[in-house]
Amino acid sequence: QNFFSKGLIILNDLELQAHALKILKKNDIEPIGKVEVGIMGSKILISPGTGLGIAGVVKENIIFTEGGHLNIPEIIPTFNPILHDFESKKGRLATFEDFLSGKGINFIYSYFSKEDTCAYTNEEILTNLDNSDCFKTKELMQQLLAVFLRYMALIWGSTSGVFIAGSIARTLLQGSDHKEFRKNFENSLTMKELLVHTPIFLVKDIDLGLKGGLKLASTVKKIIKS
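Note that the structure is a prediction, hence the values are computed from the model and not measured.

Draft legend 1. A look at the packing of aromatic side chains. In this structure the tally under the stated criterion is nine aromatic pairs. Arranged with centres 5.0 Å apart and planes meeting at 80°, the rings of Phe79 and Phe99 form a pair that is edge-to-face. Placement of Phe79 in the loop between strand 4 (61-65) and helix 2 (80-90) and of Phe99 in helix 3 (residues 96-99) is noted, with a sequence separation of 20 residues between them. Comparing Phe79 with Phe99, the two get one shared label, buried. The structure contains a cluster of three or more aromatic residues connected by ring pairs, namely Phe79, Phe86, Phe99 and Phe107.

Draft legend 2. Main features of helix 4 (residues 102-113). For helix 4, with 12 residues, the first-to-last C-alpha span of 17 Å sits near the 16 Å given by 1.5 Å per residue. Of all 12 residues in helix 4, nine are buried, a share of seventy percent or more. Those residues of helix 4 not exposed but buried are Gly102, Gly104, Ile105, Phe107, Ile108, Tyr109, Ser110, Phe112 and Ser113. Close packing links the buried residues of helix 4 with helix 2, helix 3, helix 5 (122-127), helix 6 (132-156) and helix 7 (167-173). Positive phi appears at Lys114, one or two residues downstream of helix 4, with a value of about 60°.

Draft legend 3. Region of interest: the pairing of strand 3 (residues 52-58). Judged by how many residues are buried, strand 3 sits mostly within the fold: six of seven residues are covered. Across six bridges, strand 2 (residues 43-48) lies against strand 3 in antiparallel orientation. Its bridge partner lying in strand 3, Ser47 is registered against Gly53. If you look at the hairpin formed by strand 2 and strand 3, you'll find three residues sitting between the two strands. In terms of strand pairing, strand 3 meets strand 4 through five bridges, oriented antiparallel. By the bridge assignment, Val57 is partnered in strand 4 with Ile62. If you look at the hairpin formed by strand 3 and strand 4, you'll find two residues sitting between the two strands, and Lys59 has a positive phi there, around 60°.

Draft legend 4. Focus on the sheet that holds strand 5 (residues 161-164). Read across the open sheet, the six strands follow the order 1-6-5-2-3-4; overall the sheet is mixed. Both outer strands of the open sheet, strand 1 (29-31) and strand 4, are each paired with one neighbouring strand and no more. The average undirected angle you get between the axes of adjacent strands in this sheet is 25°.

Draft legend 5. Highlighting a nonpolar patch on the surface. Side chains of Phe3, Phe4, Leu8 and Ile10 sit close together on the surface and give an oily, nonpolar patch of about 550 Å² of accessible area. Along the chain, Phe4 falls in the segment before helix 1 (13-18). Phe4 gets classed as partly exposed once you look at its relative accessible area, which sits at 48%.

Draft legend 6. Inspection of unusual backbone geometry at higher detail. Even without being glycine, Lys59 reaches a positive phi, approximately 60°. Tracing the backbone shows Lys59 in the loop between strand 3 and strand 4.

Draft legend 7. Focus on the environment of Phe107. In this structure, Phe107 sits in helix 4. For the pair Phe107 and Cys118, spaced 11 residues apart in sequence, the C-alpha to C-alpha distance is 8.8 Å. Setting aside its immediate chain neighbours within four residues, Phe107 contacts Ile82, Asp85, Phe86, Lys89 and Phe99.

Draft legend 8. Seen up close, the pattern of salt bridges. Taken as a whole, this structure holds seven salt bridges when the rule is applied. Residue Lys192 pairs with Glu186 through a salt bridge whose shortest N-O separation is 3.7 Å. For Lys192, a relative accessible area of 41% corresponds to the partly exposed category. When salt bridges that share partners are traced, they join Arg182, Glu186 and Lys192 into one network.

Draft legend 9. Up close: the side chain of Thr171. With respect to the helices and strands, the residue Thr171 is situated in helix 7. Thr171 gets classed as buried once you look at its relative accessible area, which sits at 13%. In this structure the side chain of Thr171 is engaged in a polar contact, spanning 2.8 Å, whose partner is the backbone oxygen of Ser167. Once residues within four sequence positions are removed from consideration, Thr171 is found in contact with Glu123, Leu126, Thr127 and Lys138.

Conventions used here
Residues numbered from 1 in each chain as written. Predicted model: local features only at pLDDT ≥ 70, side-chain atom pairs only at ≥ 80, totals over all residues. Heavy atoms only, no water. Phe/Tyr/Trp six-rings, centres within 6.5 Å; stacked < 30°, edge-to-face > 60°. Helix = DSSP H or I, 4+ residues; strand = E, 2+ residues; numbered from the N terminus. Buried < 20%, exposed > 50% of the residue type's maximum accessible area, 1.4 Å probe, protein only. Expected span 1.5 Å × (residues − 1). Contact = heavy atoms within 4.5 Å. Pairing = 2+ DSSP bridges. Axes fitted to C-alpha atoms, helices over the stretch in contact; angles between N-to-C directions. Patch = residues over 30% accessible without salt bridge, like charges linked within 9 Å, V, L, I, M, F, W, Y side chains within 5 Å. Areas by Shrake-Rupley, 256 points an atom, 1.4 Å probe, with all protein chains shown as cover. Salt bridge = Lys/Arg side-chain N within 4 Å of Asp/Glu carboxyl O. Polar contact = N/O pair within 3.5 Å; in protein donor to acceptor, adjacent residues only side chain to side chain.

This is how it looks when you write it as structure tokens:
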């Protein structure tokens, strides 16, 4: 009350960034694969980073979630041995956040390279495609991200768009085979038709949090005036 006499709004980081989705321009986003004509529904924003952030936009409402803490099912055969290795070392089941994050990149690379100490930064692992261990790490990360996006898109009914943001996502999908990524995303025997019509966008704007804050501030200002 002493410092914020007009009130204080505290938001989750992805919750704040999601406000920016309302004002993004066409050149701020890049479609991943062919975008079919979708059915109007909710949107979701996902950002792998130090953790795995996710927020939804339902009409005008922003909803933050902890969806990254869902356990990873054993559906990617080449990934299953890594899951078992994680479980034996950590004593628990792995979550999507454990691997779709900076620490996850490091863990996967270390598994392939058999190195206790990683010699590369996360960015170097995702861009050093001459190294077979780096290449395999990036390939698995792309598959896992596509699976996670599929689950979140079906849970949220996000037919208005799945938006991916952050430096890890931009590096991971840079120069990648978007057609293969969409194939993994749409890989559902029962819900393929819905997934085909769910667009995926890579957010190129690096100031998403700032723009989200500005959008929220302008909205709050209008409410106060009215």
